[in-house]
Amino acid sequence: MGTRLPLVLLQLRRPPHPPGPPLRLRVPCRASSGGGSGGREDLLGQRRLLDGQARSSRSPGGRTPAARDSIVREVIQNSKEVLSLLQEKNPAFKPVLAIIQAGDDNLMQEINQNLAEETGLNITHICLPPDSSEAEIIDEILKINEDTRVHGLALQISENLFSNKVLNALKPEKDVDGVTDINLGKLVRGDAHECFVSPVAKAAIELLEKSVGVNLDGKKILVAGAHGSLEAALQCLFQRKGSMTMSSQWKTPQLQRKLHEADIVVLGSRKPEEIPLTWIQPGITVLNCSHDFLSGKVGCGSPRIHFGGLIEEDDVSLLAAALRIQNMVSSGRRWLREQQHRRWRLHCLKLQPLSPVPSDIEISRGQTPKAVDVLAKEIGLLADEIEIYGKSKAKVRLSVLERLKNQADGKYVLVAGITPTPLGEGKSTVTIGLVQALTAHLNVNSFACLRQPSQGPTFGVKGGAAGGGYAQVIPMEEFNLHLTGDIHAITAANNLLAAAIDTRILHENTQTDKALYNRLVPLVNGVREFSEIQLARLKKLGINKTDPSTLTEEEVSKFARLDINPSTITWQRVLDTNDRFLRKITIGQGNTEKGYSRQAQFDIAVASEIMAVLALTDSLADMKARLGRMVVASDKSGQPVTADDLELSSVFANPDLCFCLGWGGVIPLQSLGNFFKMYLLYLPEIEGKSPFQGTERSGSASMNRKVKLKLAHFWHQLGLLFNLGP
């Protein structure tokens, strides 16, 4: 690099901005991206001699480096102004550029850092070992692709790692270097405003036109030694300027003839030593995009050659870094535009009604569902904001609320219960039909919220809850039967608590206080400690002690025994199927239950209080607290016994356990998400929670409602029984 780079960096350096995302370093870089000037001077000092030799070949009439530096400052200033305008409307917005570096070029690392700080961007370097494999590079790329905090990604890796597999692993919308096939294809097609253009290729054009003052129209330009995305971008941009572009590799037999014919030579890679500089005609303009073109040996060996204009690698690198920052700001602007409330880009299917109208199941099976990830993209959901279940259903993650927190809510419309007509135009059918008309025909963004079906009514006389005719949710079978398994998870959680109640009564009837206490607070590696939930129970009992060994016998008995009165148990077992012979049962008739038996019953699964808690909660912590406060019985003194007393609330919602579905404990954390399906017209639909409105204030969960109002207008099918007003 040239001796003027330290001056440019010092001119661009400003008081440090608030720290951005931390650097993710796999191996220590020899100089940090925001380090002191000593390391930078050492790196630059090694190149000053070579730079001085290179400058001896400049034409006296060439433009000064200061003119080229002004181009860099102009690009950075324009980017800074555009970013300031974006941040006026979005104060929390700050784009992040990620650079994957596999090597030790810490000077470029510092240039990127300084330019980013001057513009107001955050930058993070992922430093990998120089011998990193292709698979390791791709793994890092895929991680950054899914990180919504990162708006641009650049690769600073060795040339042998620039394979098609690596380059096309980048998301085109984050490819600020314009190396993916999609960005290159749009550039070649003439859609440069819709893609990212290679900063190096664009820097070459800018320097030739503005710094050297060359009129490119009609010039013969030879691109030598370039290949891949850089070669394609250079050829395309020069041709757009009216130039006649030739491309040649270093071993091409006609290279010397082409060098003699060219008006401008662009060097895309290191020149082999066997090709002399004398092949390049004196007086022509040479633009060097290679690190090693003006090496010490070559420069000293040809001091007599004078080019009409020599643009060195440090000129191109510095301006390319600035143009990469400009691409970053453009990426952030596009991202913000995507976040704005806009009409969905839905591709709806035109219905072909048949006469006579087939059955509901025939209509459902006659339509092929659209892939749910495609549907999610059409309505503006990001890839990491959905949890896909199969091909036709998914859940929306709660992270979408944070992304859309500044977006105004849509309208909330209730579809009240009506008496079903002979043709079946009930609540579900009317709700779906209205949303189909609004979204597919009037282009109004609308969601419908239907109640999640229970297998009890589905297999009974009432039937399913997917709507009917040409206004129904598809696939009908998946919707009516298991959906994403949340009702089954609630069944497991409910019955776990019911089993814990009877087991606790059995143990208290057959064991001493000391035996019970030793089971509740066991010795682990010679240490006995209270858990957090046990400390809460002690506080509830008025025992202000934290050392298990300090409790008196009376306090041990008080802590260990719940003294549940079996006749006051209100917590019943549940099943999501109509089975009339389980409505009243006798439990505890086995010999191992030691004569303890009582009458109990099974309820329908969605009548469980856990379902109501799941629908009303707004976070994992809130759900855990609500579950802990559920009253399951009374003790013999008439005091309520809760799930917290049985130490089960933390089990229900513990992310570290996996008793049932997914990764969220007995009740999966995905249950806090929103069911996401589609109608016959390929329109989106989000499910509520319980199908029984008598057990809840609303068939739409609290979190579901918040998400839907951020995404669109919201049509909510309410139950047959509801109250308006006091």
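Residues numbered from 1 in each chain as written. Predicted model: local features only at pLDDT ≥ 70, side-chain atom pairs only at ≥ 80, totals over all residues. Heavy atoms only, no water.

## Some points on the confidence of the model for the protein chain
Taken as a whole, the protein chain shows an average pLDDT of 76; of its residues, 75% reach a score of 70 or greater. Across residues 1-63, confidence stays below pLDDT 50; counting only partners more than four residues off in sequence or on other chains, it has 124 contacts. Taken together, the stretch residues 655-675 has pLDDT below 50 and engages in 86 contacts with residues farther than four places along the chain or on a different chain. (pLDDT = per-residue confidence, 0-100. Contact = heavy atoms within 4.5 Å.)

## As for the pattern of salt bridges
Using the criterion set out here, one finds 22 salt bridges in the structure. The salt bridge partner of Arg149 is Asp147, with a shortest N-O separation of 3.0 Å. Salt bridges sharing partners connect three or more residues here, namely Asp139, Glu140 and Lys143. (Salt bridge = Lys/Arg side-chain N within 4 Å of Asp/Glu carboxyl O.)

## Observations concerning the side chain of Asn183
Within the fold, Asn183 resides in helix H7 (residues 181-189). Excluding residues that lie within four positions of it along the chain, Asn183 makes contacts with Pro172, Asp175, Gly178, Cys195 and Phe196. (Helix = DSSP H or I, 4+ residues; strand = E, 2+ residues; numbered from the N terminus.)

## Overview of the packing of aromatic side chains
Scanning the model with the defined rule gives 3 aromatic pairs in all. Centre to centre, the rings of Tyr517 and Phe559 are 5.9 Å apart; their planes meet at 75°, and the pair counts as edge-to-face. Remark: Phe559 occurs in helix H22 (residues 553-560) and Tyr517 occurs in helix H20 (residues 513-520); sequence separation between them is 42 residues. Judged by its relative accessible area of 1%, Phe559 is buried. (Phe/Tyr/Trp six-rings, centres within 6.5 Å; stacked < 30°, edge-to-face > 60°. Buried < 20%, exposed > 50% of the residue type's maximum accessible area, 1.4 Å probe, protein only.)

## Some remarks on the state of the cysteines
Here the structure, examined in full by the defined rule, presents 0 disulfides. No disulfide involves Cys195; its sulfur sits 8.6 Å from that of Cys236, the nearest cysteine. (Disulfide = S-S within 2.5 Å.)

## Brief notes about helix H9 (residues 228-240)
The terminal C-alpha atoms of H9, which comprises 13 residues, lie 19 Å apart, in line with the 18 Å expected from a rise of 1.5 Å per residue. Those residues of H9 that fall on the buried side of the exposure criterion are Ser229, Leu230, Glu231, Ala233, Leu234, Cys236, Leu237 and Phe238. Looking at the packing, one finds that the buried side of H9 touches H7, helix H8 (199-211), strand S5 (220-224), strand S6 (244-248) and strand S7 (264-267). Just beyond H9, the residue with positive phi is Gly242, at close to 85°. (Expected span 1.5 Å × (residues − 1).)

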